[in-house]
Each structure stands twice: as C-alpha cells, then as structure tokens.
Amino acid sequence: MSAVANPATVAECLRVGAGFSQGDRNWIAEQFATLDTRLAGFHADATELEVSVKDREARGQKVTLECWIAGRQKIVTTSTEEDLHAALNDVRDDLRRKLNDAKTRQEPRNNKHLRAVDQPEVAPLQDAEREDAETA
C-alpha cells in the first residue's frame, strides 16, 4: 500500500451525532484513538466517522458508529451495552475488525500478477557449464 499524504485520524474525522454533545467529542476521540493506526491508510478528506447514542444512560441504550471511506461501502457497528464506556469500546473494536476484514478481502491472494514478488536473479552459465548443458 502506498503512503498517504494526509492520513485519516479519529480526531480529524470524528463527528458526534444524536445523544452526544461537542463536550463529549474529545473524550470519545481518546477512546477511539487506537483506530488511528487502522485509519492511517486512508486519506483524511475521504474518511468520516460518526458516533451517536439512542436513549443515553437508559436501559435500552444503543450506540452506533458509522464509517464512510471513499470508494468503499459504509460500515456500521452497534452496541447495546448498558455501560456507555463499554458500548463505545465495543463499537470501536467491531469497527477495527470490520476494517481489517475489508482490507483482507481487497488484497490479492492467489493472483501472482497482482502481488509484488521479487524473483531471484539467475547467474549466467560459465563456458564449461554451458558445454555440459548442451551435451546433456
């Protein structure tokens, strides 16, 4: 994969949706900071993350994390954990897993022409070896 000039980071791409305030944004960005290494392969201008919560701190709360990356399908992860911190960790880990799965699906596996494989150089035959090869 080629290096990205402006890599995506959670701090740059995260939006807070329903159920969260802008004051929660920094705390959530800290919770999601481990996603930075996974997002670094994508351009910041082509990547968006949005986290929202329905019925915050209620018994049936639902946290949703959506990820849009240009040229790929939208990825949605959800959690119904009752503890908000645990729910955020759950959606973060699920997104990381789904991003890894998506990357694995796009990598060439059995096509030798798509993989970058270095071939060993073959040394030219010496005169004596060439004569032996011709007589064999």
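Residue positions are given per chain, counting from 1 as you read along its sequence in written order. Where local features are concerned, this predicted model is filtered to residues with pLDDT of at least 70; where side-chain atom pairs are given and counted, the filter is 80 or more; whole-chain, interface and lining totals use all residues. Remark: hydrogens and water are excluded; side-chain values derive from all non-hydrogen atoms of the structure.

As recorded in an unreviewed UniProt entry, the protein chain goes by Ribosome-associated translation inhibitor RaiA and comes from Micromonospora echinospora.

Caption draft 1: Structural detail: the nonpolar core. In these notes, a set of buried Ala, Val, Leu, Ile, Met, Phe, Trp, Tyr and Cys residues joined through side-chain atoms within 4.5 Å is what counts as a nonpolar core. Categorising residues by exposure relies on relative accessible area from a 1.4 Å probe, with only protein chains included: less than 20% of the type maximum marks a residue as buried, more than 50% marks it as exposed, and the intermediate range marks it as partly exposed. If you look at the biggest cluster of nonpolar residues, it comprises 26 residues, and the most contacted ones within it are Phe32 and Val51. Secondary structure elements follow DSSP: runs of H or I of four or more residues count as helices, runs of E of two or more count as strands, with numbering from the N terminus. If you list the elements that add at least two residues to this core, you get α1 (10–13), β1 (14–16), α2 (22–31), β2 (47–54), β3 (62–69) and α4 (84–106). Per-element tally for this core: the top contributor is α4, with 6 residues.

Caption draft 2: Layout of the sheet that holds β2. Should DSSP find at least two bridges between two strands, the strands are taken to pair. Pairing within the open sheet is mixed, and its 4 strands lie in the order β1-β2-β3-β4. Unpaired on one side and paired on the other, β1 and β4 (75–79) mark the two borders of the sheet. Neighbour-to-neighbour, the strand axes of this sheet turn through a mean angle of 15°, independent of strand direction. Sheet topology note: the β1/β2 ladder contains 3 bridges and is parallel. Of the residues in β2, the one forming a bridge with Val16 is Val51. Axis angles are defined between N-to-C directions and span 0 to 180 degrees, where every axis is a line fitted to C-alpha atoms and, for a helix, only to the segment in contact.

Caption draft 3: Representation of α2 in the model. Every buried residue belonging to α2 is among Asp24, Arg25, Ile28, Ala29 and Gln31, and all of these are buried. Along the long axis of α2, the arc covered by the buried residues comes to 145°, so they all point the same way. Exposed and oriented more than 90 degrees from the buried face of α2 are Gly23, Asn26 and Glu30. Starting at the helix axis, one direction is taken to each C-beta atom, and the arc is that of these directions.

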